[in-house]
Amino acid sequence: MILERTSCNYSKNTVGIEFGLNVFGRTLYFCHFYWGTKDRSFPVYESKLNEYCSGGRSYEASHQDCYWLATPTGFFLTIHFFPSTLGSQVAIHIVSGVRTTLRFRCQSGNDDLGTHELQLSEEFSWQFKPQIFYRTLFFCHFYWESKDRSFAVYDRKLAQQYCGGDDLGATYNCYWLATPSGFFISTDKTSWIKINDWTQP
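Residues numbered from 1 in each chain as written. Predicted model: local features only at pLDDT ≥ 70, side-chain atom pairs only at ≥ 80, totals over all residues. Heavy atoms only, no water.

## Regarding the state of the cysteines
Note on terminology: disulfide describes a covalent bond linking the sulfur atoms of two cysteines. Convention followed: Here, the term disulfide refers to a pair of cysteine sulfur atoms separated by no more than 2.5 Å. Strands are runs of DSSP state E lasting at least 2 residues, helices are runs of H or I lasting at least 4, and numbering of each runs from the N terminus. Accessibility here uses a 1.4 Å probe with only protein chains present; expressed as a share of the type maximum, an area under 20% marks a residue as buried, one over 50% as exposed, and anything in between as partly exposed.
In the structure shown here, the tally under the stated rule is 2 disulfides. With a sulfur-sulfur separation of 1.9 Å, Cys106 is cross-linked through a disulfide to Cys140. Its S-S torsion of approximately 110° makes the covalent link between Cys106 and Cys140 right-handed. Of this pair, Cys106 sits in strand 8 (residues 102–107) while Cys140 sits in strand 11 (residues 138–144); the two residues are 34 residues apart in sequence, bridging distant segments of the chain. Grouping residues by exposure puts Cys106 and Cys140 together as buried.

## What about the confidence of the model for the chain?
Formally: Each residue gets a pLDDT score, which is the predictor's confidence in that residue and runs from 0 to 100. In what follows, residue pairs with any heavy atoms lying within 4.5 Å of each other are defined as contacts.
Mean pLDDT over the chain stands at 79; residues scoring 70 or higher make up 70%. In the model, residues 1–12 has pLDDT below 50 throughout and makes 29 contacts with residues more than four positions away in sequence or in other chains. Across residues 81–87, confidence stays below pLDDT 50; counting only partners more than four residues off in sequence or on other chains, it has 21 contacts.

## A few points about the packing of aromatic side chains
As a reminder, the rule being used: Ring geometry is summarised as follows: Phe, Tyr and Trp rings, the Trp one being its six-membered ring, pair when their centres sit within 6.5 Å, and such pairs are stacked at plane angles under 30 degrees, edge-to-face over 60 and tilted between the two.
A full pass over the atoms with the stated rule returns 15 aromatic pairs. A ring pair is formed by Phe33 and Phe42, whose centres lie 5.3 Å apart and whose planes are at 20°; its orientation type is stacked. The exposure class of Phe33 is partly exposed, given its relative accessible area of 25%. Ring centres of Phe142 and Phe183 lie 4.9 Å apart, and the angle between their planes is 45°; this geometry places the pair in the tilted category. In this pair, Phe142 sits in strand 11 while Phe183 sits in strand 14 (residues 182–186), placing the two residues 41 residues apart along the sequence.

Okay, here's the thing in structure tokens:
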């Protein structure tokens, strides 16, 4: 018995195809792409691509999403749609919980926010849209008295786990609190979870 159903959904710059899998796991979809003088044909769905789609390898997953992005440099597959397209924002907040000067420098692969200093209860923040494929990564190096510590204050996993928001447009708020006992994260400045300690001198 073959269980396969197909429907297509169209929106601006996007085409979605929904279907049920062949019970033997043999479902195969090809697409032929044309752009200017270039073209390319390849399978956009087959069982070996499951690991790259949300839902993973299991054929028992109730739903799987595979997103293909066609660019001038080629074709890319990701398990999630792109917040830069859908409009979600990320806001990072650094809050000082130490009584003497907290100094820090934050950077990504593209941006250097420079060196900043905060006094007790002061806050520094910035906002951005994550890159396509969620590759945006921000590190900060913190200095307090004789101690220091460097770590990622934003990556997609951190944001999803601790910073609220969603990939459909809501803002992720990541609050980082530096205290004498270490670094804590929160999405609302109310409930804090300890993530890192200071590096001991």
